[in-house]
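In case you want the letters, here they are:
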Amino acid sequence: SKAAAMLEKFGIDYEMKVISAHREPDVFVEYAKSAESKGIEVIIAGAGGAAHLPGMCAAMFPLPVIGVPIHTKSLGGVDSLYSIVQMPSVAINGAANAAILAAKMLSISDKELREKLANYKEELKDQVVAKDEKLGKIGYEAYIKQMK
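Let me begin by describing the structure that accompanies this report.

Criteria and cut-off values
- Residues numbered from 1 in each chain as written.
- Predicted model: local features only at pLDDT ≥ 70, side-chain atom pairs only at ≥ 80, totals over all residues.
- Heavy atoms only, no water.
- Helix = DSSP H or I, 4+ residues; strand = E, 2+ residues; numbered from the N terminus.
- Contact = heavy atoms within 4.5 Å.
- Areas by Shrake-Rupley, 256 points an atom, 1.4 Å probe, with all protein chains shown as cover.
- Lys, Arg positive; Asp, Glu negative; His and termini not counted.
- Charge placed at Lys NZ, Arg CZ, Asp CG, Glu CD.
- Salt bridge = Lys/Arg side-chain N within 4 Å of Asp/Glu carboxyl O.
- Buried < 20%, exposed > 50% of the residue type's maximum accessible area, 1.4 Å probe, protein only.
- Pairing = 2+ DSSP bridges.
- Axes fitted to C-alpha atoms, helices over the stretch in contact; angles between N-to-C directions.
- Parallel < 35°, antiparallel > 145°, perpendicular 65-115°, else oblique.
- Left-handed = near helix turned anticlockwise from the far one by under 90°.
- Nonpolar A, V, L, I, M, F, W, Y, C, P; charged D, E, K, R; others polar.
- Core = buried A, V, L, I, M, F, W, Y, C linked by side-chain atoms within 4.5 Å.

**As for the overall build of the protein**
Secondary structure assignment for the protein yields six helices and two strands. Starting at the N terminus and walking to the C terminus, you meet the elements of the protein as α-α-β-α-β-α-α-α. In terms of its C-alpha atoms, the protein occupies a principal-axis envelope of roughly 55 × 45 × 30 Å. Of the contacts formed within the protein by residues at least 6 apart in sequence, a portion of 40% connects residues at least 24 apart. For the protein, the accessible area works out to roughly 10400 Å², and carbon and sulfur atoms hold 60% of it. The averaged location of the 18 negative side-chain charges in the protein is 6 Å from the averaged location of its 18 positive side-chain charges.

**Examining the pattern of salt bridges**
A complete count under the given rule lists one salt bridge for this structure. Residues R114 and E36 are paired through a salt bridge, measuring 2.4 Å at the closest nitrogen-oxygen approach. Here R114, found in helix α6 (residues 111–147), pairs with E36, found in the loop between α2 (25–34) and β1 (43–47); they are 78 residues apart in sequence, far enough to count as distant.

**Things to note about the environment of E30**
By secondary structure assignment, the location of E30 is in helix α2. A relative accessible area of 52% places E30 in the exposed class. The spatial distance from the C-alpha of E30 to the C-alpha of M60 is 9.6 Å, given a sequence separation of 30 residues.

**Describing the pairing of β1**
Successive side chains on a regular strand alternate, one facing one side of the sheet and the next facing the other. Only one face of β1 is covered, namely the face carrying I43, A45 and A47; the face carrying I44 and G46 is uncovered. For β1 and strand β2 (residues 65–69), the ladder comprises five bridges, and the chain directions are parallel. In the sheet register, I44 faces β2, and the bridge partner there is I66.

**A look at α2**
For α2, the complete set of buried residues consists of F28, Y31, A32 and S34. Where α2 is buried, its residues meet β1 and α3 (52–60).

**A word on the packing of α2 against α3**
Running from amino to carboxyl end, α2 crosses α3 at an angle of 45 degrees, the nearest separation of the two axes being 8 Å. Judged on the interaxial angle alone, α3 and α2 are oblique. Seen from above, α2 lies across α3 with right-handed handedness. Residues F28, V29, A32 and K33 of α2 lie in contact with α3, whose contacting residues are L53, M56, C57 and M60. Among the residues making up the contact of α2 with α3, the classes are represented as seven nonpolar, no polar and one charged.

**Regarding the nonpolar core**
Core analysis: the largest hydrophobic core is formed by 19 residues, its most contacted members being F28, I40, I43, L53, C57, F61 and V65. Mapped onto this core, the elements with two or more residues apiece are α2, β1 and α3. At four residues, α3 tops the list of elements feeding residues into this core. Contact partners of I40, with chain neighbours within four places excluded, come to E15, Y31, A35, F61 and L63.

**Remarks on the packing of helix α5 (residues 95–106) against α6**
Relative to each other, α5 and α6 sit at 140 degrees, their axes nearing to 8 Å. Of the possible angle classes, the one that applies to α5 and α6 is oblique. Taken as a pair, α5 and α6 cross one another with a handedness that is left-handed. Along the contact surface, α5 presents I100, A103, K104 and L106, while α6 presents L113, L117 and Y120. Looking at side-chain class alone, the contact of α5 with α6 contains six nonpolar, no polar and one charged residues.

Everything listed here is a matter of coordinates, which is why it stays silent on function.
Below, the structure is given as structure tokens:
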């Protein structure tokens, strides 16, 4: 409600949804993947507990995602804070991630930069696929030795 009130104060149109990444993963994925085509340029994602929603949203939505930790009964929101602060927008020792978030902010009005970000994301995906293939070929013991 605080974000909505502030956006209204500045005359910024917004949409408010309640979506659970854990309880409705199909709805969540569809929303995150289709948000850009609906004209959404920034997502503010509040989450409590494990707080996967903002980070997963940032992984699927090519523009900026701002994670907001929500107070929880069990740990008072500290669990949410720790989870969200480690998402790809900031993270401890995450200067590269901060640069990615800055690039996402700039890409709102720069389609060429948005394409570069999409290509970078594909490069990261290719790296994960290559690691998985290597693990499958050499087994976990050899893989772990190579990681050290």
